[in-house]
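Chain by chain, the residues run as shown.
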Amino acid sequence: MYFKDQFGPELVIKVWNPKLGMEGFLVIDNTVLGPGKGGIRMTPNVTVDEVFRLARTMTFKNALAEIPFGGAKAGIVWPPFAKASGGKRGDLGQLKKEYIQSFAKAISLLTPKKYIAGPDVNTGEMEMQYFAEATGKWNSATGKPSNYCMRVFGKPGEICGIPHEFGSTGFGVAHSTAVAVELKGLDVKNITVAIHGFGNVGTFTYKYLTDMGAKVVAVADSSSAIFDKKGFEKETFDQWIKEGKKLKDYPQGEKVNTEDFWGLAVDVLIPASVTDVINKTNYQKIRAKIIVEAANIPVNEEIEEELYKKGILIVPDFVANAGGVISSYAEYRGYNPKRMFDAVEKKIKKATRTVLQESLKTNKNPRKVALEIAKKRISV
């Protein structure tokens, strides 16, 4: 059950459309710094408690990144076997659009002053366009398609969407990793990396880290995990990613099972898949010097503390993966993609350095340090 404290939540809203069978939740946790910002996830088992947990993370993430957004999150229950009913709704894409737009209309009065939507699990750029169309407010959602634009009175040209498909989160994770590596006394060009989770965030993290000269030697997706101590052949592997193929069919490297993946002797481990992927069954096998949390809540705080006590330098999720929400702020302000990437790099580097330097100085868990900084900013 979600709890109440001095930070929030300010609003917990439940939406039900009996005609569609659409059930949704919106938690606006804290708006001290600005309108609540957080994505909409569409999963079969999403609950208001899960949404609250994520909204609270957004509150601290935005405070730490020093952007004028508060914390919020939304969820829509998307049936696992959702089927459209004949010609009226058409295919699943049409049904999904109706779910999104029904939810958007129900909470429209709160956008964008209290809540700004964004992509999350099972929602992307088109869902954000549907949301904005339903509210009639271009800035009620971010992460919209790059060709979805509007003219602003008194300004030349148009401002356009900046979809998360541009890779802002993975870009930020890569730069956060580079700062952690430097503070650990290592050279990014000489490190080995393992990435668990190879969707949008994992693939872009791979891309930007290899561009920096790091050697990614192990990757895993839902189908398989592969290891190559020499690193993956760039041209072949990049094409594999571009075509969206599963790792189980990749012809090079050594297939490893899940248990062995966590025990690989790498410098940096990047969990970029799902919540609690590092858990009681595998955390004791980890041999990495650094963990950079690209996924949201990839490990619970108790296990994270145990890993910290082992001497592993950990970059918490709401520090490392803030690139997506910084991109959202850039879109909200009408920045172009180049200016967005510049903002992500600058803010991610600053936040990571601030947290880790204080952690090393005081011998405190980086998560505790980051939370103290974020809470202080919200309490001002």
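What counts and what doesn't
Residues numbered from 1 in each chain as written. Predicted model: local features only at pLDDT ≥ 70, side-chain atom pairs only at ≥ 80, totals over all residues. Heavy atoms only, no water. Helix = DSSP H or I, 4+ residues; strand = E, 2+ residues; numbered from the N terminus. Axes fitted to C-alpha atoms, helices over the stretch in contact; angles between N-to-C directions. Left-handed = near helix turned anticlockwise from the far one by under 90°. Contact = heavy atoms within 4.5 Å. Nonpolar A, V, L, I, M, F, W, Y, C, P; charged D, E, K, R; others polar. pLDDT = per-residue confidence, 0-100. Disulfide = S-S within 2.5 Å. Buried < 20%, exposed > 50% of the residue type's maximum accessible area, 1.4 Å probe, protein only. Phe/Tyr/Trp six-rings, centres within 6.5 Å; stacked < 30°, edge-to-face > 60°. Lys NZ or Arg CZ within 6 Å of the ring centre and 35° of its normal. Salt bridge = Lys/Arg side-chain N within 4 Å of Asp/Glu carboxyl O.

Of note, the bond from Gly8 into Pro9 is cis; its omega dihedral lies within 30 degrees of zero at 0 degrees. Structurally, Pro9 is set in the segment before β1 (11-17). For the peptide bond that leads from Thr111 to Pro112, omega is -5 degrees, which places it in the cis range. Note that Pro112 resides in the loop between α2 (92-106) and β6 (115-116).

At a minimum axis separation of 9 Å, helix α4 (residues 168-183) and helix α11 (residues 337-362) run at an interaxial angle of 35 degrees. Helix-helix and strand crossings are classified by hand; for α4 and α11 the assignment is right-handed. Residue-level contacts link Ser168, Phe171, Gly172, His175, Ser176, Val179, Ala180, Glu182 and Leu183 of α4 to Met340, Phe341, Val344, Glu345, Ile348, Lys349, Thr352, Arg353, Leu356, Gln357 and Leu360 of α11. Grouping the constituent residues of the contact of α4 with α11 by class yields 10 nonpolar, six polar and four charged.

Let's shift gears to the confidence of the model for the protein. In this model, the protein carries an average pLDDT of 93, and 96% of its residues clear a pLDDT of 70 or more. Predicted confidence is poor over residues 83-89, with pLDDT under 50, and the contacts of this stretch with residues over four places away or in other chains come to 15 contacts.

What follows covers the state of the cysteines. Under the definition given, this model contains one disulfide. Disulfide partner of Cys149: Cys160, at an S-S distance of 2.1 Å. Of note, the bridge from Cys149 to Cys160 carries an S-S torsion of about 100 degrees and is right-handed in sense. Of this pair, Cys149 sits in strand β7 (residues 149-151) while Cys160 is found in strand β8 (residues 158-160), placing the two residues 11 residues apart along the sequence. Residue class for Cys149 comes out partly exposed when judged on its relative accessible area of 25%. Under the relative-accessibility criterion, Cys160 is labelled partly exposed at 23%.

With respect to the helices, strands and loops of the structure, Asn62 is situated in helix α1 (residues 48-64). Once you skip the residues sitting within four places of it in the chain, Asn62 turns out to touch Lys37, Ile67, Phe69, Gly70, Gly71 and Val325.

On to the packing of aromatic side chains, then. Summed over the entire model, instances satisfying the criterion amount to 18 aromatic pairs. On the basis of an interplanar angle of 85 degrees and a centroid distance of 5.7 Å, the ring pair of Phe69 and Tyr329 is categorised as edge-to-face. Within this pair, whereas Phe69 is found in the loop between α1 and β5 (70-77), its partner Tyr329 is found in helix α10 (residues 323-333), the two being separated by 260 residues in sequence. Using a relative accessible area of 1% as the deciding quantity, one classes Phe69 as buried. Look at Tyr329 and you get buried, because its relative accessible area is 13%. With a centroid separation of 5.5 Å and an interplanar angle of 85 degrees, the aromatic rings of Phe261 and Trp262 are classed as edge-to-face. For Phe261, a relative accessible area of 1% puts it in the buried group. Each member of the aromatic cluster is reached from another via a ring pair, and the members are Phe198, Tyr206, Phe232, Phe237, Trp240 and Tyr250. Over the face of the ring belonging to Trp138 we find Lys144, whose NZ or CZ atom lies 3.7 Å from the ring centre.

With that settled, the discussion passes to the pattern of salt bridges. Counting across every chain of the model gives 25 salt bridges. Put simply, Arg377 and Glu66 hold a salt bridge, and the shortest N to O gap is 3.6 Å. You can see Arg377 sitting in helix α12 (residues 366-379) and its partner Glu66 sitting in the loop between α1 and β5, a full 311 residues away along the chain. For Arg377, a relative accessible area of 26% translates into the label partly exposed.

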